[in-house]
Amino acid sequence: MGMKNAVTTGIQRLRVYFLWALNLHRFRWVLVVDGVTFPATAIADLVMGGSDQAITGLLRIAVGVINWVAWFDVRRHLRATALPLQPWGLPSVIAGQASTIPFLWFPFWIELSGDLHDLIDISLLIFAGALFVIAATVTLGAIIGRQGSLTVTWGIVVALLPFLGILQFWYMTFYRPAHERPRVNAIAELDEVRVHGGVSQMRGTVTLESVGEAELDVLGAFYAVTDHEVGAVGHVMRDGEVSKALKRSKVVWRDDSTYRGVLEVGRLIRHGGRLTPGQKLKTSFVFDVKNSPQRKLRLSVFLSLVNREGDLREFAECISDDSYVCFETELPSQSLLRYTLGDSPKARVAFLRPSKDVPVPQLVTSFLAVSWDAEANPVDGEVRKIDIFRDSRGVTSSVEYRLDP
């Protein structure tokens, strides 16, 4: 009985608070907040993101304009009469508040996709949540109370703006990541040019072709020719060994040859370089190697790519004991909201030395979160989720050549 009374009392208090906030005299300040916030963030995003933010920016400017129209209508009504009126009694107010709902969901979606939740993030979510609840209350009040019948013009606005907001959200969240992922064909070729005095003169060729629809930023692009010693006779696996190898839950490194070292290594594209749709790059190099019937060469290509979303900052060298080289850079954001809530991730690219588990060099990219107070409280833990609007991809290709003296 006591719990039921407490719940009833709580609901009544919330109702009082809502009615207090939805008083037309006070509610007009909500319209001012919407009228300022939406255009201001839209202009900031247009400056940061350019044409990619054009649609959502123009929609938010329109939302701000409608809420200013609603503010003038409220002001006109308060001057004309002292009769009480709920906010959903005015068509422009219904249109303005209904159009904010899809956009007020964006902060929650971005924040829930990240791993860091600091005080600034929580404060912005509380602010957006309060505006969302008020907008939803006005919209539901218009539906339930059936007051302030909408004209055809305002009815179109109420139906169109939220729909366009949801459409933009679907495009940025689902369609674009699915259709504009980094896609690059990497072909590695290793040929013997000639043999002279017990030395094979080799030529390596690497061809890269961007076959996706998005412009790409290159975090790392390396090639390496490694030397391996092989046995005179290959080991034939028994049936039980074949079954055991295929039933493993994870992919393990398996190579009967012995890694001897790196013969050639280099960059294919500088850190921070770009690949445009349809662009094709071809790199060739030559080197000499002593002949031996028990040796094979492996040419490996390593790429780390992200969809381009602005100019990458300068790459800084990082310290890593288990790598030949290590670089990192902060990834840009195309919108003020994503810059604030998106954990400001940095990408770290390391070309690792051979290890017991993987006895050959390899390129590894990790994404680290950077909080607003990074200098006072540095965060150096790898994040699983970077940003739902950003795609990254690693590409590895290799070819082997058995020396035949």
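Residues numbered from 1 in each chain as written. Predicted model: local features only at pLDDT ≥ 70, side-chain atom pairs only at ≥ 80, totals over all residues. Heavy atoms only, no water.

Trainee: Got a sec to walk through the packing of aromatic side chains? Specific residues and values, please.
Mentor: Within this structure, the stated rule accounts for 10 aromatic pairs. Considering the side-chain rings of Trp68 and Trp71, the 5.9 Å spacing of their centres and the 75° angle between planes classify their relative orientation as edge-to-face. Pair noted here: Trp68 and Trp71 are both in helix H3 (residues 54-80), with a separation of 3 residues, about one helical turn. Between the aromatic rings of Tyr223 and Phe285, the centroid separation amounts to 4.3 Å while the plane-to-plane angle is 20°, which identifies the pairing as stacked. Placement of the pair is Tyr223 in strand S3 (residues 216-229) and Phe285 in strand S6 (residues 280-290), with a sequence separation of 62 residues. This pair shows no difference in class: Tyr223 is buried, exactly as Phe285 is. (Phe/Tyr/Trp six-rings, centres within 6.5 Å; stacked < 30°, edge-to-face > 60°. Helix = DSSP H or I, 4+ residues; strand = E, 2+ residues; numbered from the N terminus. Buried < 20%, exposed > 50% of the residue type's maximum accessible area, 1.4 Å probe, protein only.)

Trainee: Now, about the pairing of strand S9 (residues 323-330): what can you tell me, with residues and values included?
Mentor: Sheet topology note: the strand S8 (residues 316-317)/S9 ladder contains 2 bridges and is antiparallel. Within S9, the position partnered with Glu317 by the bridge is Phe327. Here S8 hands over to S9 after 5 residues, the two strands then running antiparallel side by side. Where S9 meets strand S10 (residues 346-352), 7 bridges bridge the pair, whose relative direction is antiparallel. Along S10, the bridge assignment pairs Ser323 with Leu352. (Pairing = 2+ DSSP bridges.)

Trainee: Could you give me a rundown of the sheet that holds strand S11 (residues 362-368), with the residues and numbers involved?
Mentor: Strand pairs in the sheet, formed through backbone hydrogen bonds, run parallel or antiparallel to each other. Spatially, S8-S9-S10-S11 is the arrangement adopted by the 4 strands of the open sheet, whose pairing is antiparallel. Pairing within the sheet leaves two strands with one partner each, and these edge strands are S8 and S11. Judged from the 7 bridges that link them, S10 and S11 form a sheet pairing that is antiparallel. Looking across to S11, one finds that Ala347 is bridged to Phe367.

Trainee: Explain the state of the cysteines to me, and be specific about the residues and the numbers.
Mentor: Put plainly, two cysteines are in a disulfide when a covalent bond ties their sulfur atoms together. Evaluated as defined, the whole model comprises 1 disulfide. A sulfur-sulfur separation of 1.9 Å characterises the disulfide bridge that pairs Cys318 with Cys326. Judged by the sign of its S-S torsion, about -90°, the cystine formed by Cys318 and Cys326 is left-handed. For the pair Cys318 and Cys326, one class covers both residues: buried. (Disulfide = S-S within 2.5 Å.)

Trainee: Break down the packing of H3 against helix H4 (residues 91-112) for me, citing the residues and quoting the values.
Mentor: Relative to each other, H3 and H4 sit at 145°, their axes nearing to 8 Å. As H3 packs across H4, the resulting crossing turns out to be left-handed. Between H3 and H4, the residues in contact are Thr56, Leu59, Arg60, Val63, Ile66, Asn67, Val69, Ala70, Asp73 and Val74 and Ser92, Val93, Ala95, Gly96, Gln97, Ser99, Thr100, Phe103 and Phe106, respectively. Its residues assigned to classes, the contact of H3 with H4 comprises 10 nonpolar, 7 polar and 2 charged. (Axes fitted to C-alpha atoms, helices over the stretch in contact; angles between N-to-C directions. Left-handed = near helix turned anticlockwise from the far one by under 90°. Contact = heavy atoms within 4.5 Å. Nonpolar A, V, L, I, M, F, W, Y, C, P; charged D, E, K, R; others polar.)

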